[in-house]
Amino acid sequence: MDDERLARFEAVYELAYGRITAYAVRRCDSPQDAADVVAETFTIAWRRVAELPEGEEAVLWLYGVARKVLANHFRGDNRRRARTAELDAELADLYGHSPDTEVELDAIRRAFMSLPDDDRELLSLVAWEGLEREEIAKALGLSRNAVRIRLYRARRRLSRALAAGGVHVAAPGRRPAPAMASAEGAAVEGSQGGAL
């Protein structure tokens, strides 16, 4: 049964791969997005290989799958853009006074990218994903206390990197101020190819 399933999938893959790839490339903004769509389409085909029609009908079936995968991709992209718009509005409020807004945003991005991978991941989980310490602890397999300490250190390193880049963020009290949280969010967004 497994050999038959594999043979059927391979036959459809060879027949349809080029056409499904071209379909995705023509509809995506980047080669990486197209590759993701193609990979997801064929992953679904593998899971549902028993439902695959024969011959050219399989290609048409895969076009339908790819269309749905693209729709999901675009919905996710639209959600990301909506979050970016919210962040842009917050940053406009924070840095609207400065004639060097683009320079500051670039400095924030560079400061964030200068951090170690682990710091960027922690700050991303807080700023981009909106996770709490306990959730981060579960996601990373750490204790809540370890997350608290690492997050504190990551924020301090980000604060120092921002100051070295000429970005001054007022952070009263022990918790990061909204400006610091927005700078973290801006740094995370900029590192993911967003509006920064």
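Heads up: the structure comes first, above all this text.
Scope of this entry: the structure provided in the associated data block. (Residues numbered from 1 in each chain as written. Predicted model: local features only at pLDDT ≥ 70, side-chain atom pairs only at ≥ 80, totals over all residues. Heavy atoms only, no water.)

### Let's talk about the packing of aromatic side chains
Each pair of aromatic rings is reported with the distance of its centres and the angle of its planes. Put simply, the rule reads: Two aromatic rings from Phe, Tyr or Trp, using only the six-membered ring of Trp, form a pair when their centres are within 6.5 Å; if the ring planes differ by under 30 degrees the pair is stacked, by over 60 it is edge-to-face, and anything between is tilted. Elements are defined by DSSP. Helices are runs of H or I of four residues or more, strands are runs of E of two residues or more, and each kind is numbered from the N terminus. A simple rule labels every residue: compare its accessible area, found with a 1.4 Å probe on the protein chains alone, to the largest value its type can have, and call it buried under 20%, exposed over 50%, or partly exposed in between.
Overall, the coordinates contain seven aromatic pairs when judged by the stated rule. Ring plane angle 35° and centroid distance 5.0 Å describe the contact between Tyr 13 and Tyr 17, whose orientation is recorded as tilted. Of this pair, Tyr 13 and Tyr 17 both sit in helix α1 (residues 2-27), four residues apart, roughly one helical turn. Assessed through its relative accessible area of 33%, Tyr 13 is described here as partly exposed. Ring centres 6.1 Å apart and planes at 40° place the aromatic pair Tyr 17 and Phe 42 in the tilted group. Linking Tyr 17 in helix α1 with Phe 42 in helix α2 (residues 31-47), this pair joins segments that are 25 residues apart in sequence. The partly exposed category is assigned to Tyr 17, whose relative accessible area is 36%. Members of the aromatic cluster, each reached through a chain of ring pairs, are Phe 9, Tyr 13, Tyr 17, Phe 42 and Trp 46.

### Quick notes on the environment of Ala 163
Mapped onto the secondary structure, Ala 163 falls in helix α7 (residues 144-164). Each C-alpha atom of the pair Ala 163 and Ala 107 lies 9.5 Å from the other, and the pair is 56 residues apart in sequence.

### A closer look at the packing of helix α5 (residues 117-127) against α7
Using the following cut-off: Here an axis means a line fitted to C-alpha atoms, over the contact stretch when the element is a helix, while the angle between two N-to-C directions is reported on a 0 to 180 degree scale. Roughly parallel covers angles under 35 degrees, roughly antiparallel covers those over 145, roughly perpendicular covers 65 to 115, and oblique covers all other angles. Here, two residues are considered to be in contact whenever any of their heavy atoms come within 4.5 Å of each other.
For the pair α5 and α7, the least separation of the axes is 9 Å and the interaxial angle reads 100°. Taken as axis vectors, α5 and α7 run roughly perpendicular relative to one another. Along the contact surface, α5 presents Asp 119, Leu 122, Leu 123 and Val 126, while α7 presents Val 147, Arg 150, Leu 151, Ala 154, Arg 155, Arg 157 and Leu 158.

### Overview of the pattern of salt bridges
Selection rule: Any carboxyl oxygen of Asp or Glu that lies within 4 Å of a side-chain nitrogen of Lys or Arg is treated as forming a salt bridge with it.
Summed over all chains, the structure comprises seven salt bridges. We note a salt bridge from Glu 51 to Arg 48, for which the minimum N-O separation is 2.7 Å. Residue Arg 48 is classed as partly exposed on the basis of its relative accessible area of 35%. Salt bridges linked by common partners bring Asp 106, Arg 109 and Arg 110 together as one network.

### What about the packing of α1 against α2?
Counted only if it meets this: Should the near helix be turned counterclockwise from the far one by less than a right angle, the crossing is left-handed, whereas a clockwise turn marks it as right-handed. Under the scheme applied here, ten amino acids are nonpolar (Ala, Val, Leu, Ile, Met, Phe, Trp, Tyr, Cys and Pro), four are charged (Asp, Glu, Lys and Arg), and all others, including Gly, are polar.
Two elements in contact, α1 and α2, have axes whose closest approach is 10 Å; the angle formed by their N-to-C orientations is 155°. As summarised for this structure, α1 and α2 are arranged roughly antiparallel, according to the angle between their axes. Handedness of the α1/α2 crossing: right-handed. Residues Arg 5, Leu 6, Phe 9, Tyr 13, Ala 16, Tyr 17, Ile 20, Thr 21, Ala 24 and Val 25 of α1 lie in contact with α2, whose contacting residues are Ala 34, Val 37, Val 38, Thr 41, Phe 42, Ala 45, Trp 46 and Arg 47. Looking at the contact of α1 with α2 residue by residue, the class counts come to 14 nonpolar, two polar and two charged.

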